[in-house]
Amino acid sequence: MSNLLHVVTILGCKNSMVREGLKHVLSGTRYKVHPEDLVQRDPAQPLLSGEAPLLLVVDANLYPDNMAGAIQSLKAQYPNARIVVLTDNFDLNAMMSALQAGVDGYCLATIGCDALIKYLDLVMLGEVVFPSAIFLSALSEADKASS
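Residues numbered from 1 in each chain as written. Predicted model: local features only at pLDDT ≥ 70, side-chain atom pairs only at ≥ 80, totals over all residues. Heavy atoms only, no water.

Caption draft 1: Quick peek at the pattern of salt bridges. In total, this model carries 3 salt bridges according to the counting rule given. With a closest N to O distance of 3.5 Å, Glu20 and Lys23 form a salt bridge. Linking Glu20 with Lys23, this pair stays in helix 1 (residues 16-26), spanning 3 residues, or about one helical turn. Its relative accessible area of 42% is what places Glu20 among the partly exposed residues. For Arg30, the salt bridge goes to Asp121, with nearest N and O atoms at 3.7 Å. A residue pair is termed long-range when its members are at least 10 positions apart, and Arg30 in the loop between helix 1 and strand 2 (31-33) and Asp121 in helix 4 (residues 113-124) qualify at 91 residues. Residue class for Arg30 comes out buried when judged on its relative accessible area of 13%. (Salt bridge = Lys/Arg side-chain N within 4 Å of Asp/Glu carboxyl O. Helix = DSSP H or I, 4+ residues; strand = E, 2+ residues; numbered from the N terminus. Buried < 20%, exposed > 50% of the residue type's maximum accessible area, 1.4 Å probe, protein only.)

Written as structure tokens, this is what we have:
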């Protein structure tokens, strides 16, 4: 992993314990957590400039009423950034809205630490990633509806 570019990682967490946990999980990886986060920043000021890849990890609890709008706003401000939503529970409608808004990853907070890093790696490679269990559940529901 040492030959991979560092990824400037901005966290958007409503809960400081979640933020500290993510910082701990990401320490020692290519994902370098920026000291400023989406909660504390002045929206009029750009987060960064430079050539390093940018990843925004957003806790779904930060924008409970308008995650899609928040994603669209972040994408408009940082068009080259990758955005991953971290959520406590699965909601198919919320995930679909986030995907339509341009999110690059949608992840359940129950994911293991190593799996999270691999998940972020896929997102940084340009993949749109969401839990496979969600896809299988949606297929199951579609089968039931067509029967």
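Caption draft 2: Layout of the sheet that holds strand 3 (residues 54-59). Strand order in this open sheet of 5 strands is 2-1-3-4-5, and the pairing throughout is parallel. Across the chains shown, the open sheet's two edge strands, defined by having one partner strand only, are strand 2 and strand 5 (105-108). Mean inter-strand twist for the sheet, computed between neighbouring axes without regard to direction, equals 30°. Here 4 bridges tie strand 4 (residues 82-87) to strand 5, and the two strands are oriented parallel to one another. (Pairing = 2+ DSSP bridges. Axes fitted to C-alpha atoms, helices over the stretch in contact; angles between N-to-C directions.)

Caption draft 3: Inspection of the nonpolar core at higher detail. Counting 36 residues, the largest nonpolar core has Tyr31, Leu55, Leu56 and Ile71 as the members making the most contacts within it. Of all the elements in the fold, those that place two or more residues in this core are strand 1 (7-12), helix 1, strand 3, helix 2 (67-77), strand 4, helix 3 (92-101), strand 5 and helix 4. Top contributing element to this core by residue count: helix 4, with 6 residues. Not counting residues up to four positions away in its chain, the partners in contact with Ile71 are Ile83, Val85, Ala98, Ala101, Gly102 and Val103. (Core = buried A, V, L, I, M, F, W, Y, C linked by side-chain atoms within 4.5 Å. Contact = heavy atoms within 4.5 Å.)

Caption draft 4: Local environment of the environment of Asp59. Mapped onto the elements of the fold, Asp59 is located in strand 3. When its relative accessible area of 5% is taken as the criterion, Asp59 is described as buried. Linking Asp59 and Leu86, residues 27 residues apart in sequence, is a C-alpha distance of 4.9 Å.

Caption draft 5: The arrangement of the layout of surface pockets in detail. The volume enclosed by the second largest pocket comes to roughly 230 Å³. Lining of the second largest pocket is provided by 15 residues; of these, Ala60, Pro64, Met67, Ala94 and Tyr106 occupy positions nearest its centre. Listing elements by their share of the lining of the second largest pocket, those giving two or more residues are helix 2, strand 4 and helix 3. The element that contributes the greatest number of residues to the lining of the second largest pocket is helix 3, accounting for 3 residues. In the lining of the second largest pocket, the residues fall into 9 nonpolar, 4 polar and 2 charged. (1 Å grid on protein atoms, 1.4 Å probe; cavity = no way out; pocket = protein on both sides within 12 Å on 5 of 7 lines; lining within 4 Å. Points joined across faces, edges and corners; volume = space filled by probe spheres on them. Nonpolar A, V, L, I, M, F, W, Y, C, P; charged D, E, K, R; others polar.)

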